[in-house]
Amino acid sequence: MNNWSEELVEKCPPDNAIDPNELTFYRLAKSNPATETDFVSQRKLNPTANYTNVSECISRSLSIWDDIDKCLNILKLPRHKNKAPIVMQLNLVTGDGLVLQTFKPNHYSWWRTNNYNVASTPII
């Protein structure tokens, strides 16, 4: 798979990342309907940032959740506190990228391919 939506570093995604075929995840959106700006990694948002305890590969992924309540919990964090609770439902299939459970239960990193159709993302 080499059709990544963002430029990735060597050995990224990691070998233990999985095909998310038929899995559903959730992610906060900034807009309804979802647009490309809702699918931007931290590295792309902050190209010169130094992230502690986060690999360069992870910084180029998107944070997604396998539980809608866990996704909504991030609205309690200061950085997200004043955001509207717009949640995208990501019904991923083979070809949409690869995912890996990271950081804590229910949180995944998603390396998206250009095959994923942003315009078809349901807002719930």
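A short tour of the structure in this document, coming up.

**With respect to the side chain of Asp-38**
Right, so step 1: On the secondary structure map, Asp-38 appears in the loop between strand E1 (23-28) and helix H1 (42-45).
Right, so step 2: Salt bridges are absent for the buried Asp-38, whose nearest opposite-charge side chain, Lys-30, sits at 5.7 Å.
Right, so step 3: A polar side-chain atom of Asp-38 sits 2.5 Å from the main-chain amide nitrogen of Lys-30.
Right, so step 4: Setting aside its immediate chain neighbours within four residues, Asp-38 contacts Arg-27, Ala-29, Lys-30, Ser-31, Pro-33 and Met-88.

**A word on the environment of Val-118**
Right, so step 1: Among the structural elements, Val-118 can be located in the segment after strand E5 (107-112).
Right, so step 2: Judged by its relative accessible area of 8%, Val-118 is buried.
Right, so step 3: Put simply, Val-118 and Leu-90 are 28 residues apart on the chain and 9.5 Å apart in space, counted from C-alpha to C-alpha.
Right, so step 4: With residues up to four places along the chain from it excluded, the contact list for Val-118 reads Ala-34, Thr-35, Glu-36, Phe-39 and Arg-112.

**Section: the packing of aromatic side chains**
Right, so step 1: Considering all chains together, one arrives at four aromatic pairs under this definition.
Right, so step 2: Ring geometry for Phe-39 versus Trp-110: centroids 6.2 Å apart, planes at 80°, classification edge-to-face. Note that Phe-39 is positioned in the loop between E1 and H1 and Trp-110 in strand E5, a separation of 71 residues in sequence. Here the two residues Phe-39 and Trp-110 agree in accessibility, since each one is buried.
Right, so step 3: Considering the side-chain rings of Trp-110 and Tyr-116, the 5.1 Å spacing of their centres and the 90° angle between planes classify their relative orientation as edge-to-face.

**Some details on the pattern of salt bridges**
For side chains of opposite charge, pairing can occur when their charged atoms come near one another.
Right, so step 1: If you walk through the whole model with that rule in mind, you get three salt bridges.
Right, so step 2: In this structure, the salt-bridge partner of Arg-112 is Glu-36, at a minimum N-O distance of 2.9 Å. On the criterion of sequence distance, the pair formed by Arg-112 in strand E5 and Glu-36 in the loop between E1 and H1 is long-range, its members being 76 residues apart.
Right, so step 3: What makes Arg-112 buried here is its relative accessible area of 5%.
Right, so step 4: Classification of Glu-36 as partly exposed rests on a relative accessible area of 46%.

Basis of the calculations
Residues numbered from 1 in each chain as written. Predicted model: local features only at pLDDT ≥ 70, side-chain atom pairs only at ≥ 80, totals over all residues. Heavy atoms only, no water. Helix = DSSP H or I, 4+ residues; strand = E, 2+ residues; numbered from the N terminus. Buried < 20%, exposed > 50% of the residue type's maximum accessible area, 1.4 Å probe, protein only. Lys, Arg positive; Asp, Glu negative; His and termini not counted. Salt bridge = Lys/Arg side-chain N within 4 Å of Asp/Glu carboxyl O. Polar contact = N/O pair within 3.5 Å; in protein donor to acceptor, adjacent residues only side chain to side chain. Contact = heavy atoms within 4.5 Å. Phe/Tyr/Trp six-rings, centres within 6.5 Å; stacked < 30°, edge-to-face > 60°.

Nothing here speaks to function; it is geometry throughout.
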